[in-house]
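Structural overview for review
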Amino acid sequence: MFLTRDQERMLEGENGDAVRKSMELLVALGEVFGAEKLVPIESAHISGVSYKNLGDAGTEWLEEQAELGSRCRVRATLNPAGMDMEKWEEMNVPPEFAEGQVRVIEAFKRMGVEPTCTCTPYLIGHVPRMGAQVAWAESNAVCFSNSVIGARTNRESGPTTLASAVTGLTPLYGYRLDENREPGKIVEVGTEMKTRLDYSALGYVTGKTLGNAVPYFRGLGSPDLESMKTLGAACATSGGVALWHGEGVTPEAGWAAGHLDGVEKVTVECSDLEEARERLVCDPSNPTYCVGCPHCSLREMAETAELAKGRDLGGRLWVFTSRGVYQEAARAGHVETIEKAGGRVYSDTCMVVAPLHEMGWEGVATNSFKGGYYSVAHGFETMITTLDKLVEGASR
Ligand code: F3S
């Protein structure tokens with residue numbers, strides 16, 4: 001792989017051990033994937049934040065990186081942690097877990113990472129330019145960034161995003177190149193998309209059918225931001241989709257339409273969406289009702305508050321969002337409305353990366369196929385339904 005003289009110096013350790021180690025990782029990655037060179041990135045979004053996944057070994061590794069002098073050269077934000085950093089006791093998170101989680105966040109802060117703790121950085125002002133090279137992890141954020149914003153990233157990991165943040169560089173391969181952004185399959189949507197849950201189900205079916213091919217959707221209707229967020233999250237979960245095009249919807253769809261010759265077509269019908277829902281779920285006896293996978297937008301907070309009004313949710317409805325959106329929702333009165341009805345609103349964490357078993361959860365109900373998929377994988381009886389039914393279900 002070609003390196004500039006400056007990059008060679010970074011690799012030789014002239015900018016310190018932290019930069020050298022990060023360069024070693026990126027060069028090795030580039031060589032595995034046949035990258036010609038490294039390119040500058042404009043920002044990073046780093047995953048691997050929950051103490052649940054990191055444990056002591058991962059936490060110590062992060063502390064070592066901070067000690068070694070790793071410092072971000074570009075803007076870097078952080079994925080959700082395993083708990084609300086302020087209300088963790090109320091969540092019933094064990095103190096020893098909280099202690100580990102605080103160490104993780106402190107290590108990231110020392111490296112200059114913004115402790116945003118959200119999987120929707122694009123809802124709190126971290127929005128790259130169209131065409132910008134970025135190094136983002138977290139599959140829904142990757143999908144949104146590539147597809148809806150038109151920035152360019154591969155499905156990065158925690159260590160590679162940190163290495164890119166520290167060097168400001170990434171190897172040029174995969175979705176960073178035009179040829180890998182061409183459609184792999186045309187997906188004809190043969191049913192009217194009525195609810196956001198329909199988009200989530202469509203994403204789930206598409207990912208299952210296509211694996212990691214790039215879908216070119218026809219007949220998506222007019223999805224709002226929240227529908228595109230949940231669509232991408234689901235197809236990145238059931239398959240390895242990192243980029244989708246939507247005819248008349250996403251910014252590169254016009255360009256992608258010029259590359260459809262000979263591309264195979266599949267059709268998704270209403271019955272496919274129904275079947276997906278039935279296959280994935282059962283009827284849990286004592287579920288926690290969860291909203292916010294991916295993290296809620298301000299509009300979803302407002303909708304949830306409206307539905308919660310006058311109900312008795314008895315602590316059964318849990319709403320997850322970023323701290324940035326939480327603050328806006330608090331100012332608008334949505335947090336108070338939800339809490340007055342007996343719902344709970346948490347920031348910094350989510351229904352998948354928190355230590356749910358230790359917190360005493362028995363089952364999960366959600367309006368997200370991504371959330372549902374992981375709940376089943378973590379051994380919870382799971383139900384997937386629309387937001388209004390979810391709030392109704394939580395209500396006694
Ligand atoms: Fe976000 Fe957690 Fe879902 S990280 S996409 S809320 S699994």
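This is a predicted model, so every value here is computed, not measured. (Residues numbered from 1 in each chain as written. Predicted model: local features only at pLDDT ≥ 70, side-chain atom pairs only at ≥ 80, totals over all residues. Heavy atoms only, no water.)

What about helix H12 (residues 323–331)?
Those residues of H12 lying buried are Val-325, Tyr-326 and Ala-329. Projected onto a plane normal to the axis of H12, the buried residues spread over an arc of 105° and lie on a single side. Where H12 is buried, its residues contact strand S10 (287–296), helix H11 (298–308), strand S11 (317–321), helix H13 (334–340) and strand S12 (344–347). Two residues or fewer after H12 comes Gly-333, characterised by a positive phi angle close to 90°. (Buried < 20%, exposed > 50% of the residue type's maximum accessible area, 1.4 Å probe, protein only. Helix = DSSP H or I, 4+ residues; strand = E, 2+ residues; numbered from the N terminus. Arc of directions from axis to C-beta. Contact = heavy atoms within 4.5 Å.)

Focus: the packing of helix H7 (residues 196–210) against helix H10 (residues 270–280)
Interhelical geometry of H7 versus H10 gives an angle of 80° and a closest axis separation of 9 Å. As far as their axial angle goes, H10 and H7 are roughly perpendicular. In contact with Leu-197, Asp-198, Ala-201, Leu-202, Tyr-204 and Val-205 of H7, H10 contributes Asp-272, Leu-273, Ala-276, Arg-277 and Leu-280. Considered class by class, the residues forming the contact of H7 with H10 number eight nonpolar, no polar and three charged. (Axes fitted to C-alpha atoms, helices over the stretch in contact; angles between N-to-C directions. Parallel < 35°, antiparallel > 145°, perpendicular 65-115°, else oblique. Nonpolar A, V, L, I, M, F, W, Y, C, P; charged D, E, K, R; others polar.)

Some details on the site of the ligand
Lining the immediate surroundings of the ligand are Pro-80, Cys-119, Glu-138, Asn-140, Gly-292, Cys-293, Pro-294, Cys-350, Val-352 and Lys-370. Of the residues forming the shell around the ligand, the biggest block, three residues, is contributed by S10. Tallied by class, the residues present in the shell around the ligand amount to six nonpolar, two polar and two charged. Domain assignment of the residues forming the shell around the ligand places at least three in each of domain 1 (5–178) and domain 3 (281–394). (Near = heavy atom within 4 Å. Domains from an automatic or database assignment.)

Let's talk about the nonpolar core
Core analysis: the largest hydrophobic core is formed by 53 residues, its most contacted members being Ile-46, Leu-62, Leu-78, Phe-108, Met-351, Met-359 and Trp-361. Ranked by residues supplied to this core, first place goes to helix H4 (residues 95–110) with six residues. Per-domain counts for this core show at least three residues from each of domain 1 (5–178) and domain 3 (281–394). For Ile-46, the contacting residues outside a window of four places in its chain are Ala-76, Thr-77, Leu-78, Asn-79, Phe-108, Val-113, Gly-158, Thr-161, Leu-162 and Ala-165. (Core = buried A, V, L, I, M, F, W, Y, C linked by side-chain atoms within 4.5 Å.)

Examining the pairing of strand S3 (residues 75–78)
Pairing of strand S2 (residues 43–46) with S3 involves four bridges; the strand directions are parallel. Bridge pairing in S3 links Ser-43 to Arg-75. A crossover connection joins S2 to the parallel S3 through helix H3 (residues 51–68); in handedness this β-α-β unit is right-handed. (Pairing = 2+ DSSP bridges. Right-handed = clockwise from strand over helix to strand, strands pointing away.)

Concerning unusual backbone geometry
Only a minority of non-glycine residues have a phi that is not negative, and only a minority of peptide bonds are not trans. Residue Pro-294 is bonded to the preceding Cys-293 through a cis peptide linkage, with omega at -10°. Phi angles above zero are rare outside glycine, and Asn-92 is one such case at about 70°. Tracing the backbone shows Asn-92 in the loop between S3 and H4. Taking relative accessible area as the criterion, Asn-92 reaches 47% and is therefore assigned partly exposed. A positive phi is found at Asp-348, a non-glycine position, where the angle reads about 75°. Inspection of the secondary structure puts Asp-348 in the loop between S12 and strand S13 (363–366). The class of Asp-348 is buried, set by a relative accessible area of 2%.

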